Amino acid sequence: MTLPRPRVAILGGGPGGYEAALVASQLGAEVTVVDEDGLGGACVLTDCVPSKTLIESSSTMTSLGRAASLGLQLADGGNPVLGVDAPALYARIKALAADQSNDIAEHMTAEGIRVIQARGRLAAGPLGTPHTIEADGATVQADAVLIATGAAPRALSDGAPDGERILTCRQIYDLPELPPELVVVGSGVTGAEFASAFQALGSQVTLVSSRERVLPHEDKDAAVVIEGVFRRRGMNVLGKSRAESVRRKGDGVVVTLADGREVAGSHCLLTVGMAPCTTGIGLAEAGVHLDSRGFIEVDRVSRTSVPGVYAAGDCTGVLMLASVAAMQGRIAMWHALGESVHPIRLSHVASTIFTDPEIASVGVSQATVDRGEVPARVVKLPLATNPRAKMGGFRDGFVKVFARPGTGLVLGGVVVAPRASELILPLSIAIEQNLSVEQIAHTFSIYPSLSGSVTEAARTVMEFGTDAIA
Ligand SMILES: Cc1cc2nc3c(=O)[nH]c(=O)nc-3n(C[C@H](O)[C@H](O)[C@H](O)COP(=O)(O)OP(=O)(O)OC[C@H]3O[C@@H](n4cnc5c(N)ncnc54)[C@H](O)[C@@H]3O)c2cc1C
C-alpha cells in the first residue's frame, strides 16, 4: 500500500521558510511556499545579504587605509586614489542579492517545490482546521503549515521614513550617493554595523545611543573595544542620548534628543528594532497565540498553540538570526513529518556583529558568569600580541574563553578580530561536542595565524585564567 504524500504549506520564503521547504521536500512531502517579496526573504533581498555585501566593501576600504603603515603607497603624486562609486556599490549589492534569490528559486524548482508569489494568509480548512493558506485566489490545503513571515524595521513614533533622507536599513541602497553626514539612531547590532561601514566608506557618522555604551546587550569588553575604535576613527558617538523625533530640514535632517539637544546631518538611518509581520494574516482567527509584542509563541520544536501550525524565524522573536530561523524551520518539518528531532538549543547559537573588527560570540556570556549563574574560569588574550595580527597591522581585539572549573569543558567564547565570524568556529564545535580546553590546546593551529590565539587562550585558561565566580 502506498501512503499519500504529506502536504506542507509554508507562508514566507526567507531562511525560516525556504530551509524548511527543502527539508520537507527531501522527506517526501508535497510542498508549497507562498511568498510575496522574493525567495530568500528579507534576509537575502534587503537585510543580511545586502548589509554584509556593503560591509565587504567597507572592510576592504579599511584594509586599504592601512596601506601606508604596511609600507605601500595609495596615492598618485600626493593625490589619494581611493574613493567610493556609490551607485556602483549599491548596484553591486542589489545585483548580488537578486542573484542569491534566483539561486534559491532554482534550487526550489529543482526539488519540485511549488512557489506561489503572492501575499497569503492562514484560513480555516476542511472541518474548520487552520491547515489552509489562501493566496491570490489560490487555496493550498496541507497537513502541516509553517508561518515564517519575518519582521520589518520599526520607526520612531515621530519621524516616518521617507526613503530619501530618513531611512530604514532597507532603503539605504536606493540612495543616489554616499550619505555625507549620516546620523544613525540606535546602537544595537544593526546600528553599529551600518555606522562602522559608512564611517569606513567616508561618511561622517554620528551614532545616537540611548544607553551608556554602544552594543548594550553584547559582551562589555567587546563593546568597549568597538566604541574606542569608532571614536578613534572620528565617529561622533553620543551615549545616553535617546532620540525622540527626526524631521527634514532643508537638504538634511534634524534629530531631536529627549533632553532637547538637536543633531543635524544629511541623512538619518533608523535602527530602532524590528516588529513581527504577524498582523492581518489570520493568526488570531485561527487561535495562534501571540505575545504582547505580537511575536508568535512557539516551543522548542517550533509548535504554535494550534496543532499542525508551526512558526519559525523573526516572526517568533526567538533570536533574530538567519541561522536560527533556518534551524527552527528545519526542526518544524522534522517534527511535523515524524522524524526524530532535538529541540533547538539556543545556548549553542554562535553570532557575529559585522563591525570592523568583528565581534563573534558563542555559549555563556560574561554577564551570566558575572551574575553568578554559571561558574566559569575565564581568560582574555589581547590580539595585539598575536604575530599574524602584528603583520596585518591589527591591534584592536581579543580572544576570550570561558571554561568550567575542574573539568575544563568549554562553556563559551568571544572573539573580537578581523574575520571573527570565521574564528569562532572551533569554540562552537567545542561547545556542541563537549570538548575541553585541553582538547583544543592539543590541537595544531597554523603558525602564524589569528586562530593561534584560540588555542593559546585554551592553553592559558586552566593555568592562568581567573575564576570568575568562586
Ligand atoms: C540589516 C540587517 C542585517 C542582518 N544581518 C544578519 C546577519 O549577518 N546574520 C544573521 O544571521 N542574521 C542577520 N539579520 C537577521 C536576518 O535577516 C533575519 O533573522 C532573517 O531574515 C529571518 O528570516 P525569516 O525567514 O524569519 O524572515 P525573512 O527573511 O524576513 O523572510 C520573510 C518572508 O516572508 C514573506 N512574507 C511576509 N508576510 C507574508 C505574507 N503574508 N504572505 C506571503 N509572504 C509573506 C516576506 O515577503 C519575506 O520574503 C539581519 C537583519 C537585518 C535587519
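The notes below deal with the structure included here. Worth saying up front: this structure is predicted, and the values here are computed from it rather than measured. (Residues numbered from 1 in each chain as written. Predicted model: local features only at pLDDT ≥ 70, side-chain atom pairs only at ≥ 80, totals over all residues. Heavy atoms only, no water.)

1. Here we look at the sheet that holds strand β5 (residues 114–117)
Strand order in the open sheet formed by five strands is β5-β2-β1-β9-β20, with parallel pairing between adjacent strands. Where the open sheet ends on each side, the last strands, each with one partner, are β5 and β20 (309–311). With strand direction ignored, the average angle separating the axes of adjacent strands in the sheet is 20°. Across four bridges, the pairing between strand β1 (residues 7–11) and strand β9 (residues 144–147) is parallel. Each bridged residue has a counterpart across the sheet, and for Ala9 the counterpart in β9 is Val145. Across the sheet, helix α8 (residues 322–336) lies against β1, β9 and β20, angled at about 170° from β9, the strand it touches most. (Pairing = 2+ DSSP bridges. Helix = DSSP H or I, 4+ residues; strand = E, 2+ residues; numbered from the N terminus. Axes fitted to C-alpha atoms, helices over the stretch in contact; angles between N-to-C directions. Contact = heavy atoms within 4.5 Å.)

2. With respect to the sheet that holds strand β11 (residues 166–168)
Taken in spatial order, the five strands line up as β11-β18-β12-β13-β14 in an open sheet, and their pairing is parallel. Edge positions in the open sheet fall to β11 and β14 (236–238), since each of these has one partner strand only. For this sheet the average axis-to-axis angle between neighbouring strands, irrespective of direction, equals 20°. The pairing of β11 with strand β18 (residues 267–270) spans three bridges and is parallel.

3. Looking at helix α6 (residues 220–232)
In this model α6 runs 18 Å from its N-terminal to its C-terminal C-alpha over 13 residues, within 8% of the 18 Å that 1.5 Å per residue would give. Residues of α6 that are buried include every one of Ala222, Ala223, Val225, Ile226, Glu227, Val229 and Phe230, and no others. Where α6 is buried, its residues contact α5 (189–201), β13 (204–208), β14, β22 (358–363), β24 (398–403) and β25 (410–417). Immediately downstream of α6, the backbone of Gly234 shows phi near 100°, a positive value. (Expected span 1.5 Å × (residues − 1). Buried < 20%, exposed > 50% of the residue type's maximum accessible area, 1.4 Å probe, protein only.)

4. Considerations on unusual backbone geometry
With an omega of 0°, the peptide bond running from Asp356 to Pro357 counts as cis. A cis amide bond, omega -10°, links Tyr447 with the succeeding residue Pro448. Within the element layout of this structure, Pro448 appears in the loop between α13 (437–441) and α14 (452–464). A positive phi is found at Leu215, a non-glycine position, where the angle reads about 45°. Relative to the helices and strands, Leu215 resides in the loop between β13 and α6. Judged by relative accessible area, which is 1%, Leu215 ranks as buried. You will see that Asn434, though not glycine, has its phi angle at about 55°, which is positive. Mapping Asn434 onto the fold places it in the loop between α12 (425–432) and α13. A residue is classified by how much of its surface remains accessible, and Asn434, at 57% relative accessible area, is exposed.

5. Some thoughts on the nonpolar core
Of all hydrophobic cores here, the largest spans 45 residues; its most connected members are Leu54, Tyr90 and Phe198. Residue contacts for Tyr90: discarding those within four places in its chain leaves Ile172, Tyr173, Leu175, Glu177, Leu178, Pro179 and Phe198. Counting 26 residues, the second largest nonpolar core, distinct from the first, contains Val401, Ala403, Ala420 and Leu450. (Core = buried A, V, L, I, M, F, W, Y, C linked by side-chain atoms within 4.5 Å.)

6. Considerations on the site of the ligand
For the ligand, the set of nearby residues contains 36 residues, the closest of which are Asp35, Asp37, Lys52, Gly120 and Asp314. Here an oxygen atom of the ligand sits 3.2 Å away from a polar atom, N or O, in the main chain of Ala42. A class-by-class count of the residues in the shell around the ligand yields 16 nonpolar, 13 polar and seven charged. (Near = heavy atom within 4 Å. Polar contact = N/O pair within 3.5 Å; in protein donor to acceptor, adjacent residues only side chain to side chain. Nonpolar A, V, L, I, M, F, W, Y, C, P; charged D, E, K, R; others polar.)

7. Concerning the pairing of β22
In the sheet, strand β21 (residues 351–353) pairs with β22 via three bridges, with the strands oriented antiparallel. When the bridges of β22 are listed, Thr352 appears paired with Ala360. Hairpin connection of β21 to β22: four residues between the antiparallel strands. In the sheet, β22 pairs with β25 via six bridges, with the strands oriented antiparallel.

8. Regarding the environment of Gly112
Relative to the helices and strands, Gly112 resides in the loop between α4 (86–110) and β5. For the pair Gly112 and Val31, spaced 81 residues apart in the sequence, the C-alpha separation amounts to 8.0 Å.

9. Notes on the packing of helix α1 (residues 15–26) against α8
It is the contact of α1 with α8, at a shortest axis distance of 7 Å, that shows an interaxial angle of 35°. α1 and α8 meet at a crossing whose hand is right-handed. Across the interface between the two elements, Pro15, Gly16, Glu19, Ala20, Val23 and Ala24 from α1 touch Ala322, Ala325, Ala326, Gly329, Arg330, Met333 and Trp334 from α8. Considering only residue class, the contact of α1 with α8 consists of nine nonpolar, two polar and two charged. (Left-handed = near helix turned anticlockwise from the far one by under 90°.)

10. A few points about the side chain of His131
Its place among the elements puts His131 in the loop between β6 (120–123) and β7 (132–135). Engagement of the side chain of His131 in a polar contact is seen with the backbone oxygen of Pro307, the distance being 3.0 Å.

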